[in-house]
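Commentary on secondary and tertiary structure
Here's the letter readout for the chains.
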Amino acid sequence: MRIRRILAAVIATAALAGLGLTGAATASAATQGAPSYVTPSECKQGGGTADLANNLCKGGTHNGEQID
């Protein structure tokens, strides 16, 4: 009887942990697909320089992101 309770608790814990892992994988996959755009002012506020010829932010926290 005690073994059944322990086994049920282990299975329930594993099932909940599995749901958490799949949810985290889905969330990270969704955020990676979208390109990142910043405005020229956001680029400058982040410490970078807006390269309008190439539409890129150079330097700072938005380094390499496209300018919209």
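The present account deals with the structure reproduced in this document. Think of each chain on its own: its residues are numbered from 1, step by step along the sequence as written. Reporting in this predicted model follows two pLDDT cut-offs: at least 70 for local features of residues, and 80 or more for side-chain atom pairs to be given and counted; totals over whole chains, interfaces and linings ignore these cut-offs and use all residues. Neither water nor hydrogens contribute to the side-chain values; these are computed over all heavy atoms in the structure.

Phi is positive for Asn-55, close to 55°, though the residue is something other than glycine. Helix and strand assignments come from DSSP, with helices taken as H or I runs of at least 4 residues and strands as E runs of at least 2, each series counted from the N terminus. Residue position: Asn-55 is located in the loop between strand E2 (49-51) and strand E3 (56-58). Here's how the labels work: a residue is buried when its accessible area is under 20% of the maximum for its type, exposed when over 50%, partly exposed in between, all with a 1.4 Å probe on protein chains only. A residue is classified by how much of its surface remains accessible, and Asn-55, at 40% relative accessible area, is partly exposed.

Let us now look at the side chain of Asp-51. By the element assignment, Asp-51 lies in strand E2. The class of Asp-51 is buried, set by a relative accessible area of 15%. Residue contacts are counted whenever heavy atoms from the two residues lie within 4.5 Å of one another. With sequence-adjacent residues up to four places away left out, Asp-51 is seen in contact with Leu-56, Lys-58 and Ile-67.

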